[in-house]
Amino acid sequence: MTTALYLPEENIDMIAATSVLQQQAADIRTRTINWASYMQSQMISEEDYKAISALDKSRASFLAQNSSQVVKTLLNLVSHLSKDSTIQYILVLLDDLLQEDRSRVDLFHETAGKLKQCIWGPFLNLLNRQDGFIVNMSSRILAKFACWGHETMPKSDLNFYLQFLKDQLATNNNEYIQSVARCLQMMLRVDEYRFAFVGVDGISTLIRILSTRVNFQVQYQLIFCLWVLTFNPLLAAKMNKFSVIPILADILSDCAKEKVTRIILAVFRNLIEKPEDSSVAKDHCIAMVQCKVLKQLSILEQRRFDDEDITSDVEYLSEKLQNSVQDLSSFDEYATEVRSGRLEWSPVHKSAKFWRENAQRLNEKNYELLRILVHLLETSNDGIILSVACFDIGEYVRHYLRGKHVLEQLGGKQIVMQHLGHKDPNVRYEALLAVQKLMVHNWEYLGKELEKQNEFQKHGDAPISGKA
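The rules we used
- For every chain, the first residue of the written sequence is number 1, and numbering continues from 1 along that sequence.
- Local features in this predicted model are restricted to residues of pLDDT 70 or higher, and side-chain atom pairs are both shown and tallied only at a pLDDT of 80 or more, whereas totals for entire chains, interfaces and linings draw on every residue.
- Just so you know, side-chain values use all the structure's heavy atoms and leave hydrogens and water out.
- Numbering of helices and strands starts at the N terminus; helices are DSSP runs of H or I of at least 4 residues and strands are runs of E of at least 2.
- Throughout, radius of gyration means the C-alpha value; the globule benchmark is 2.2 Å times the number of residues raised to the power 0.38.
- For every residue, the accessible area (1.4 Å probe, protein chains only) is compared with the maximum for its type, and the residue is labelled buried under 20%, exposed over 50%, or partly exposed between those bounds.
- Here, residues are in contact when the closest pair of their heavy atoms is within 4.5 Å.
- Every axis in this analysis is a line fitted to C-alpha atoms, fitted for helices over the stretch in contact. Angles between the N-to-C directions lie between 0 and 180 degrees.
- In what follows, roughly perpendicular refers to angles from 65 to 115 degrees, roughly parallel to angles under 35, roughly antiparallel to angles over 145, and oblique to any angle outside these ranges.
- Charged residues are taken to be Asp, Glu, Lys and Arg, nonpolar residues to be Ala, Val, Leu, Ile, Met, Phe, Trp, Tyr, Cys and Pro, and polar residues to be all remaining types, Gly included.
- How far each domain reaches was decided by an automatic or database domain assignment.
- Two rings from Phe, Tyr or Trp (for Trp, the six-membered ring) form a pair when their centres sit within 6.5 Å of each other. Planes less than 30 degrees apart are called stacked, planes more than 60 degrees apart edge-to-face, and all others tilted.
- The distinction between a cavity and a pocket rests on a 1 Å grid over the protein atoms alone: a 1.4 Å probe fits inside a cavity but cannot get out, while a pocket stays open yet meets protein on both sides within 12 Å along at least five of seven lines, and a residue with an atom within 4 Å of a point counts as lining.
- Grid points are joined across faces, edges and corners, and a volume is the space filled by probe spheres set on the points.
- The salt bridge criterion pairs a side-chain nitrogen of Lys or Arg with a carboxyl oxygen of Asp or Glu, the two atoms within 4 Å.
- Take the far helix as the reference: if the near one is turned anticlockwise from it by less than a right angle, the crossing is left-handed, and if turned clockwise, right-handed.

1. Concerning the overall build of the protein chain
Along the backbone of the protein chain there are 27 helices and zero strands. Whereas a compact globule of 468 residues would reach a radius of gyration of roughly 23 Å, the protein chain reaches 30 Å, over 25% beyond that. Considered along the principal axes of its C-alpha atoms, the protein chain spans approximately 110 × 50 × 40 Å. Taken over 468 residues, the protein chain has a buried fraction of 51%. Once local pairs closer than 6 in sequence are excluded, the contacts in the protein chain between residues at least 24 apart make up 71%.

Encoded structure:
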């Protein structure tokens with residue numbers, strides 16, 4: 001049984017008059033299909049001919065008295081006819097039936113079960129058609145069957161369908177992208193479907209698209225998808241591993257649409273409220289501070305909003321973030337910046353006191369922060385990020401005795417040296433300094449060992465073993 005999340009504040013308009021799909025559907029409704037010719041050529045049975053003709057004339061009354069026959073006929077027609085214009089008409093008719101009365105979804109499920117017919121198969125097959133309208137109207141009907149009834153979509157079909165939605169979202173210049181996003185908005189309101197979406201790497205896809213320039217309507221819909229995901233405490237706790245906070249913070253600072261602002265604030269609130277581990281909520285607060293969300297909140301506090309939810313969320317987030325700033329250690333701040341992947345020359349990097357006290361802490365959690373710095377050196381194209389990462393690695397090696405050995409184990413030494421030839425002079429300079437610190441560290445270490453050996457020899461003690 002599906003357990004849909006009831007979210008009255010964010011009603012999904014499934015009949016957006018402006019969408020391409022709905023504009024086309026309006027034209028298709030006006031068509032007249034010659035069902036008699038299909039019967040005469042024996043492409044449909046007489047029984048199906050009578051049912052579809054009656055359905056065309058008096059939909060509600062015929063359906064009420066012949067529900068089993070209607071379901072059987074529509075599934076037969078969708079499965080056995082191939083002409084695009086006819087399939088388009090049947091899909092619009094079927095979608096209208098479901099839109100008029102959601103309880104008809106259960107009628108379809110129950111009747112198909114009694115007839116031993118698969119309700120998912122015919123529509124999943126239509127996702128492979130060339131016609132964009134057929135593909136997206138089939139997708140819309142599948143979402144309704146999956147979300148509005150008491151039966152969930154079987155796992156293998158679900159993974160196929162979610163992968164389809166993900167691929168459609170990522171398709172360049174997809175004119176049906178709003179319809180695709182709307183289907184996903186529906187699906188992710190059902191808790192059973194959320195983990196399946198994460199399983200097909202769906203969150204990464206949402207974030208990747210949001211990091212490009214999409215129109216505000218699509219922006220809103222995709223952030224809505226993130227919002228419904230955060231109602232699951234486990235997913236809310238993992239969400240920022242996908243850099244959700246930095247991306248949404250960027251959009252918040254640029255967006256002019258109130259609905260986009262509202263949904264971002266709602267995501268941020270859930271990222272603090274929903275995780276069951278308070279340390280995760282704290283990390284999320286610090287990440288928001290790091291991404292300059294407090295500054296945006298102070299700007300929003302000066303504006304008047306008709307929507308009380310915005311005012312409430314701004315107040316809540318401001319209080320939580322300000323409290324987290326007071327509790328913030330310099331290392332917390334540093335760790336959050338590194339995890340965000342957005343390194344900048346914040347004061348903590350250049351503080352000799354910070355590195356004396358905290359260099360060894362880069363070893364925590366199996367060298368998590370050091371691994372991130374090395375990864376950024378491998379993957380980033382940003383001159384500032386590369387410069388700061390080189391500097392930090394140099395300071396780590398300078399202040400932690402075994403730093404060079406650890407860095408070599410992680411493959412970091414070679415990567416730092418590769419940046420000696422970088423096109424950006426600042427990156428070259430910081431890479432050179434880091435390499436010098438690596439070499440100086442060698443000589444300092446060797447000098448200390450020689451001093452120790454001299455001391456031993458002076459006092460007639462045993463020679464050192466050579467181990468650090």
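2. Describing the packing of helix α3 (residues 46-57) against helix α5 (residues 67-80)
Two elements in contact, α3 and α5, have axes whose closest approach is 9 Å; the angle formed by their N-to-C orientations is 105°. As judged from the angle between their axes, α3 and α5 are roughly perpendicular. Across the interface between the two elements, E47, D48, A51, I52 and L55 of α3 pack against Q69, V70, K72, T73, L74, N76 and L77 of α5. Split by residue class, the contact of α3 with α5 holds six nonpolar, three polar and three charged.

3. Structural notes on the domain arrangement of the protein chain
How large an interface is tends to be reported as the accessible area lost when its parts come together. Splitting the protein chain by domain gives domain 1 (17-151) and domain 2 (351-451). Just the C-alpha atoms count here: the centres of domain 1 and domain 2 sit 63 Å apart.

4. Quick word on unusual backbone geometry
A positive phi angle, near 65°, is found at K292, a position not held by glycine. K292 gets classed as partly exposed once you look at its relative accessible area, which sits at 43%. Phi is positive for Y367, close to 60°, though the residue is something other than glycine.

5. Description of the packing of aromatic side chains
Within this structure, the stated rule accounts for 15 aromatic pairs. Between F123 and F145, the aromatic rings sit 5.6 Å apart at their centres with planes inclined by 65°, giving edge-to-face as the arrangement. With F123 in helix α8 (residues 121-126) and F145 in helix α9 (residues 132-147), the pair connects residues that are 22 residues apart, well separated along the chain. Both residues of the pair, F123 and F145, belong to the buried class. A centroid spacing of 5.2 Å and a plane angle of 55° characterise the contact between Y334 and F354, whose relative ring orientation is tilted.

6. Some words on the layout of surface pockets
When its volume is computed, the largest pocket comes out at roughly 760 Å³. Along the walls of the largest pocket sit 25 residues, with N240, K241, S243, R339 and S340 positioned nearest its centre. For the lining of the largest pocket, the secondary structure elements donating two or more residues are α16 (244-254), α18 (278-290), α21 (330-340) and α23 (364-379). Considering every element that reaches the lining of the largest pocket, the biggest residue donor is α23, with six residues. A per-class count over the lining of the largest pocket returns eight nonpolar, ten polar and seven charged.

7. Brief notes about the pattern of salt bridges
Under the counting rule described, the total for this entry stands at 21 salt bridges. Between K437 and E395 there is a salt bridge whose closest N-O contact spans 2.8 Å. Residue K437 is located in helix α27 (residues 425-458), and its partner E395 is located in helix α24 (residues 383-399); the two are separated by 42 residues in the primary sequence. As far as the burial class goes, K437 and E395 line up, both buried. Among the salt bridges present, the one from E408 reaches K413, with a minimum N-O distance of 3.3 Å. The exposure class assigned to K413 is partly exposed, which follows from its relative accessible area of 23%. Linked by salt bridges that have partners in common, D95, R140 and K144 make up one network.

8. Some thoughts on the side chain of N76
With respect to the helices and strands, the residue N76 is situated in helix α5. The contact partners of N76, leaving out residues within four places of it in the chain, are D48 and Q117.

9. Notes on helix α13 (residues 202-210)
The buried fraction of α13 is high, at seven of nine residues. Here α13 has its buried residues at G202, I203, T205, L206, I207, I209 and L210. In this structure, the buried residues of α13 make contact with α10 (155-170), α11 (177-187), α12 (191-199), α14 (216-229) and α16.

10. Examining the packing of α14 against helix α17 (residues 258-273)
For the pair α14 and α17, the least separation of the axes is 9 Å and the interaxial angle reads 20°. The angle between α14 and α17 falls in the class roughly parallel. In terms of crossing hand, the pair formed by α14 and α17 is left-handed. Of the residues in α17, those touching α14 at F216, Q217, Q219, Y220, I223, F224, L226 and W227 are K259, V260, R262, I263, I264, A266, V267 and N270. For the contact of α14 with α17, the residue count by class is eleven nonpolar, three polar and two charged.

11. Digging into the environment of L376
Among the structural elements, L376 can be located in helix α23. Filtering out sequence-adjacent residues up to four positions away, L376 remains in contact with V338, G341, L343, I385 and L386.

12. Thoughts on the environment of F123
Overall, F123 belongs to the buried group, its relative accessible area being 0%. Separated by 48 residues in sequence, F123 and L75 place their C-alpha atoms 9.2 Å apart. Not counting the four nearest positions on each side in its chain, F123 is found in contact with L75, V78, L91, L94, S138, I141, L142 and F145.

13. What to know about the side chain of R104
With respect to the element layout, R104 can be found in helix α7 (residues 104-114). The residues touching R104, leaving out its near neighbours within four places in the chain, are L63, L97 and L98.

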